[in-house]
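Descriptive structure summary
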Amino acid sequence: MDPSAVIGIVLLAVLYTLAPRQLKRRPTQRQVFFFCLLILAMLITFGPLDELGDARSFWAHMLEHSFQSWIIPPLFLLSMPDWMLRPILMSRPIRPLARFFTKPVVAFVTFTVVYVFAHDPPIFNLMMTNENVHIGIHFLFMVSGTILFWPLLSPMAEYPRLSYPAQILYLFLLMVPMTAVAAPITLAESVTYPWYAAAPHPFGISPLQDQVIGGILMWVADSFYLMLITTLIFFRWARDEEIEVPAVNLRRPPELRVLHPTRNARA
């Protein structure tokens with residue numbers, strides 16, 4: 001594992017442990033559970049997947065990007081209490097940036113720009129030959145992914161979530177840039193990124209076969225993942241609607257209370 005990844009994971013765990021002591025509050029058991037999943041996802045991403053990607057496995061590298069974009073950011077937001085983020089995001093220097101980047105349109109565009117340009121062949125090849133650029137782009141995936149998921153999973157009332165219908169539309173539109181990146185990679189007749197063709201593949205398959213597998217993971221698996229999230233949002237929407245309706249019906253109009261037979265008999 002890269003030393004920078006080890007430092008980042010350890011620092012995150014230390015801050016998550018010390019913040020409750022400093023602020024004299026505790027995260028819920030659910031938030032702690034998601035934080036443990038977050039650490040596990042980061043260990044997988046920057047451990048075996050990163051090593052396979054460095055060994056010229058394109059599909060492992062794309063799976064690593066998927067973890068950084070689609071798995072780590074929502075786990076981070078689900079694990080963070082509002083009181084832990086508020087001192088940072090509501091501070092004077094950070095507040096304008098937080099308010100700007102948590103706007104749904106800005107969040108969507110920010111992630112799309114990072115996702116599309118990071119997979120552009122010249123930038124991607126530079127990433128594979130320059131370790132500092134490689135680390136920087138992986139960091140951008142996680143930051144832009146967190147910005148992307150903020151309108152869906154915001155833990156702070158100051159920067160609220162989208163309504164349920166808007167969340168579904170938001171995720172549906174997200175499949176457009178994903179397809180724009182994954183489809184050309186999957187359907188290409190030659191290797192898009194020459195770096196993967198310069199040495200044997202760790203699993204003995206050809207670079208083009210490796211590219212097709214990676215493209216399918218980006219296109220099909222990630223699309224299925226977003227559809228799963230959309231389905232969960234829809235069911236949560238339906239559940240909340242069912243909870244609200246009985247609460248309204250509990251209060252009967254005055255004329256019905258007057259005509260109630262039991263009360264009339266007592267009167």
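What comes next is a walk through the structure. The shown structure was predicted, so the numbers you read here are calculated from the model rather than taken from an experiment.

**Considerations on the overall build of the protein**
- Looking only at helices and strands, the protein features twelve helices and zero strands.
- The C-alpha radius of gyration of the protein comes to 24 Å, more than 25% above the 18 Å expected for a compact globule of 267 residues.
- A principal-axis box enclosing the C-alpha atoms of the protein has dimensions of 95 × 45 × 35 Å.
- Put simply, the protein has 267 residues, and 40% of those count as buried.
- In the protein, 75% of the contacts between residues at least 6 apart in sequence involve partners at least 24 apart.
- If you sum the accessible surface of the protein, you get close to 15100 Å²; carbon and sulfur atoms cover 70% of it.
- Side-chain charges in the protein split into 19 positive and 17 negative, and the spacing between the mean points of these groups amounts to 22 Å.

**Quick look at the packing of helix 7 (residues 121-129) against helix 8 (residues 131-153)**
- As a packed pair, helix 7 and helix 8 sit with axes 5 Å apart at the nearest point and diverge in direction by 115°. On the side of helix 7, the interface is formed by Ile123, Leu126, Met127, Met128 and Thr129, while helix 8 contributes Glu131, Val133, His134, Ile137 and His138.

**A word on the packing of helix 3 (residues 58-79) against helix 8**
- Across the interface, helix 3 lies against helix 8 with an axial gap of 8 Å and an inter-helix angle of 45°. When the axes of helix 3 and helix 8 are compared, the pair comes out oblique. When you trace helix 3 past helix 8, the crossing you get is right-handed. The residues of helix 8 that touch helix 3, namely those facing His61, Glu64, His65, Gln68, Ser69, Trp70, Ile72, Pro73, Pro74, Phe76, Leu77 and Leu78, are His134, His138, Phe141, Met142, Gly145, Thr146, Leu148, Phe149, Trp150 and Leu153.
- Across the contact of helix 3 with helix 8, the residue classes break down as 13 nonpolar, eight polar and one charged.

**A look at the side chain of Glu64**
- Structurally, Glu64 is set in helix 3.
- Lacking a salt bridge, the buried Glu64 has Arg56 as its closest oppositely charged neighbour, with an N-O distance of 14 Å.
- Leave out the neighbours within four places in its chain, and Glu64 touches Thr45, Phe46, Leu49, Asp50 and His138.

**With respect to a nonpolar patch on the surface**
- The grouping of Met1, Val6, Val10, Val14, Leu18 and Leu43 at the surface amounts to a nonpolar patch, some 460 Å² of accessible area in total.
- Take the nonpolar patch: its biggest share by element is four residues, from helix 1 (residues 3-23).

Conventions adopted
- Residues numbered from 1 in each chain as written.
- Predicted model: local features only at pLDDT ≥ 70, side-chain atom pairs only at ≥ 80, totals over all residues.
- Heavy atoms only, no water.
- Helix = DSSP H or I, 4+ residues; strand = E, 2+ residues; numbered from the N terminus.
- Rg over C-alpha atoms; globule rule 2.2 N^0.38 Å.
- Buried < 20%, exposed > 50% of the residue type's maximum accessible area, 1.4 Å probe, protein only.
- Contact = heavy atoms within 4.5 Å.
- Areas by Shrake-Rupley, 256 points an atom, 1.4 Å probe, with all protein chains shown as cover.
- Lys, Arg positive; Asp, Glu negative; His and termini not counted.
- Charge placed at Lys NZ, Arg CZ, Asp CG, Glu CD.
- Axes fitted to C-alpha atoms, helices over the stretch in contact; angles between N-to-C directions.
- Parallel < 35°, antiparallel > 145°, perpendicular 65-115°, else oblique.
- Left-handed = near helix turned anticlockwise from the far one by under 90°.
- Nonpolar A, V, L, I, M, F, W, Y, C, P; charged D, E, K, R; others polar.
- Salt bridge = Lys/Arg side-chain N within 4 Å of Asp/Glu carboxyl O.
- Patch = residues over 30% accessible without salt bridge, like charges linked within 9 Å, V, L, I, M, F, W, Y side chains within 5 Å.

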